[in-house]
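If you want the building blocks of each chain, they are given just below.
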Amino acid sequence: MTKEFFFDKCRPLFCSIMKKVFDYEVEYDEMVNELYVYLMANDAIKLRNFEYRSTLCQWLKVIAIRYFINKRGRMIDDTSQEPPYDGRSQNADTEKDMTAEGDMERLFDNMPSKRYVHVIRRLILEDWEPEQLAKEMNITTANLYNIKRRAMAQLTRAALNDIKKYGK
Amino acid sequence: MANKDYISDELLAAYLDGNANEAETLKVLNAIKVDPSLKEALDIALDLEEEETATYNILPMMKLAAESGNNICSVLCEAFILHRREIPFEENELLAIAQNNHWLKPEGSPLHSIGQLLAHYDLMVTRNYDATINDIFAALVLDNDVIVVVDKEKLYQQEDNEDAPNHAVVVRGIQDEYVSLFDPALQDTDVNVSLSSFLDAWKESHNYMVRVLQSIEDYEPQPINLDDVALTDDLLELREAIAENAHDVWATARKKEGWTFGPERDDTNKKHPDLIPYSSLPDSEKEYDRLMALDTIKLVKKLGFEIVKK
């Protein structure tokens, strides 16, 4: 990640995030410099922990959103408090899985696009390869990548609405 | 929240990109219920995603038509039209003009530069997005020439790795369910493709059409539709500043040309009633400047640029 990418190319992204996080004027350059220092601290450990499980832009977006939310609440955690990603530690226990699966079906029912539901079922629940699904859907894998992101956005929106509705 | 339930940045980004596995997806969905900060972060991420999705309506002005050897398909289309109009030219000279003016780049021709060569040879050229097949038909009836930009792979129903406008072709005719083209990649003046393939391929350029008129009577202005571009409050504030400055630029130019204030417009004696400060202009005149300013800001966004306050 070059400085040009971070400070120039990502400027519109950071501006949009700051507008959404803060309801008052903030010093843009100061904030972005702090974020940069945060990423580069401890020999850029945060950056080096990036494991290419998403696009760099998506990763940076998530980092920036959470950083600015924490910043707003003056509760910035030490980077060391976040455990490095470990796939083995991400397995939820069986009981939670079952409950959540029931919830997931309800979320699917609340998603307007059944095409998106199909994409999530195939890729996440049935673990299909993207190339295999792209072929089944008669689309390119590049198209599937965009559809997958939109599908996850719709699933998440359904989950957020579900919380509002059921107060969970 | 216990540390084991913490959703790492890595996992959250993978989840949003659809790359998390089933257990991870469930873990995120469960965590949203108990972690207000995560909920807010996802809310913001989704809002940004929706804003990005809206960019599907951005016009591909800077996309490159870049098929046929050396990425010169648009130059070859324009050469074809010059030839048809019996205007003498040298192909090498055309290429040099296009390169020198940056209408042709090593990677291809930006969509907004297609037709510049024809204008250079004094032909009347219009460009518009969101054209229809009927627009093409109407242009051909008037013996206008039409260049469109298409996704070449879609045009010929080939394997398509990327949905993108990447090829300029000249439309020669439309008959029933077929469209007849000059395709510079094939050097064929009469390629027939099905109407459905053509429409499928053409939509990738937002139905971009470059029209070469035969006479001034054929000119129908078609400004880009900007209805879907919403502006935030800070950009709306820009409107007034741009409107006032545009008026001052205009007034400066007029004064340099010797124009002065007069109660009525008088071209012979160079008098103009609007040679007064912007603040003193009647509302009707201010509204004209504001509309120009507003549409300019909207157009910048529609063409895919961001205006960022420093």
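Every value quoted in this text rests on a predicted model; they were computed, and no experiment measured them.

So, how was this worked out
All residue numbers refer to positions counted from 1 along the written sequence of the respective chain. Each chain takes a letter, starting from A, and each ligand takes a number, starting from 1, following the order in which they are written. Where local features are concerned, this predicted model is filtered to residues with pLDDT of at least 70; where side-chain atom pairs are given and counted, the filter is 80 or more; whole-chain, interface and lining totals use all residues. Here a helix means four or more residues in a row that DSSP labels H or I, a strand means two or more in a row labelled E, and each is numbered from the N terminus. Contacts are defined on C-beta atoms placed from the backbone: any two residues whose C-beta positions lie within 7 Å are in contact. Buried means a residue has 20 or more other C-beta atoms within 10 Å of its own C-beta, exposed means 12 or fewer, and partly exposed covers the counts in between; C-beta atoms are placed from the backbone. In the scheme used here, Gly and all other residues not listed as nonpolar or charged are polar, with Ala, Val, Leu, Ile, Met, Phe, Trp, Tyr, Cys and Pro taken as nonpolar and Asp, Glu, Lys and Arg as charged. Only C-alpha atoms enter the line fits that serve as axes; for helices the fit covers just the stretch in contact. Angles between N-to-C directions range over 0 to 180 degrees. Under this scheme an angle from 65 to 115 degrees is roughly perpendicular, one under 35 degrees roughly parallel, and one over 145 degrees roughly antiparallel; angles in between are oblique. Each pair of strands is called paired provided DSSP finds at least two bridges between the two strands. A set of buried Ala, Val, Leu, Ile, Met, Phe, Trp, Tyr and Cys residues, joined through C-beta atoms within 7 Å, is what we mean by a nonpolar core. Crossing handedness is read from the near helix: turned anticlockwise from the far helix by less than a right angle, it gives a left-handed crossing, and turned clockwise, a right-handed one.

Engineer: Could you give an account of the overall build of chain A, naming the residues involved and the relevant values?
Structural biologist: Of the regular secondary structure elements, chain A holds eight helices and zero strands. In chain A, the succession of α and β elements from N to C terminus is α-α-α-α-α-α-α-α. Sequence-distant contacts, at least 24 apart, represent 63% of the contacts inside chain A between residues at least 6 apart.

Engineer: Describe the overall build of chain B, naming the residues involved and giving the relevant values.
Structural biologist: In terms of regular secondary structure, chain B is built from eleven helices and ten strands. For chain B, the residues scored as buried account for 34% of the 310 residues in total. Considering only intrachain contacts with a sequence separation of at least 6, the fraction spanning at least 24 residues in chain B is 62%.

Engineer: So what about the interface of chain B and chain A? Which residues, and what values?
Structural biologist: Across the boundary between the two partners, chain B contributes 46 residues, which contact 51 residues of chain A. Among the elements of the structure, helix H1 (9-16), helix H2 (22-34) and helix H3 (36-54) of chain B are those that each provide at least two residues to the side of chain B that touches chain A. By residue number, the principal contributor to the side of chain B that touches chain A is H3 of chain B, which donates 14 residues. Partitioning the side of chain B that touches chain A into residue classes produces 18 nonpolar, ten polar and 18 charged.

Engineer: Run through the packing of H1 of chain B against H2 of chain B, naming residues and quoting values.
Structural biologist: Residues and elements named next belong to chain B. With their axes 10 Å apart at the nearest point, H1 and H2 run at an angle of 105 degrees to one another. What the angle tells us is that H1 and H2 run roughly perpendicular. Every residue of H2 that contacts H1 at Leu11, Leu12 and Tyr15 is listed here: Glu24, Thr25 and Val28. Split by residue class, the contact of H1 with H2 holds four nonpolar, one polar and one charged.

Engineer: Can you lay out the sheet that holds strand E7 (residues 188-194) of chain B for me, pointing to particular residues and giving the numbers?
Structural biologist: Residues and elements named next belong to chain B. Taken in spatial order, the six strands of this open sheet run E3-E8-E4-E5-E6-E7, and their pairing is antiparallel. A single partner strand is all that each edge strand has here, and the edge strands are strand E3 (125-128) and E7. When the angles between neighbouring strand axes are averaged without regard to direction, this sheet yields 30 degrees. Judged from the five bridges that link them, strand E5 (residues 167-175) and strand E6 (residues 178-183) form a sheet pairing that is antiparallel. Across the sheet, valine 170 pairs through a bridge with phenylalanine 182, a residue of E6. Of the strands in this sheet, strand E4 (145-150), E5 and strand E8 (209-212) are in contact with helix H7 (residues 133-141), which crosses E5 at around 75 degrees. The sheet strands contacting helix H9 (residues 195-202) are E4, E6 and E7, and the helix crosses E7 at an angle near 95 degrees.

Engineer: Hey, could you go over the nonpolar core for me, with residue numbers and the actual values?
Structural biologist: Grouped together as the largest cluster of nonpolar side chains are 50 residues, with contacts concentrated most on Ala64 and Ile65 of chain A. With 42 residues, the next largest nonpolar core counts Ala131, Ala139, Val148 and Phe198 of chain B among its residues.

Engineer: Break down the environment of leucine 26 of chain B for me, citing the residues and quoting the values.
Structural biologist: Among the secondary structure elements, leucine 26 of chain B is positioned in helix H2. As for leucine 26 of chain B and tyrosine 15 of chain B, which are separated by eleven residues in sequence, their C-alpha atoms are 9.9 Å apart.

Engineer: Explain unusual backbone geometry residue by residue, including any values.
Structural biologist: Although it is not a glycine, asparagine 42 of chain A sits at a positive phi angle of roughly 50 degrees. Topologically, asparagine 42 of chain A is positioned in helix H3 (residues 28-48).

Engineer: Tell me what's going on with the packing of helix H10 (residues 233-256) of chain B against helix H11 (residues 283-302) of chain B, and back it up with residues and numbers.
Structural biologist: Residue and element names in this part refer to chain B. Running from N to C, H10 and H11 point in directions that differ by 120 degrees, and their axes come no closer than 8 Å. Classified by the interaxial angle, the pair formed by H10 and H11 is oblique. As for the relative orientation of H10 and H11, their crossing is right-handed in sense. Judged by residue contacts, Leu235, Leu238, Arg239, Ile242, Ala243, Ala246 and His247 of H10 engage Lys286, Asp289, Arg290, Met292, Ala293, Leu294, Thr296 and Ile297 from H11. Among the residues forming the contact of H10 with H11, the class breakdown is nine nonpolar, two polar and four charged.

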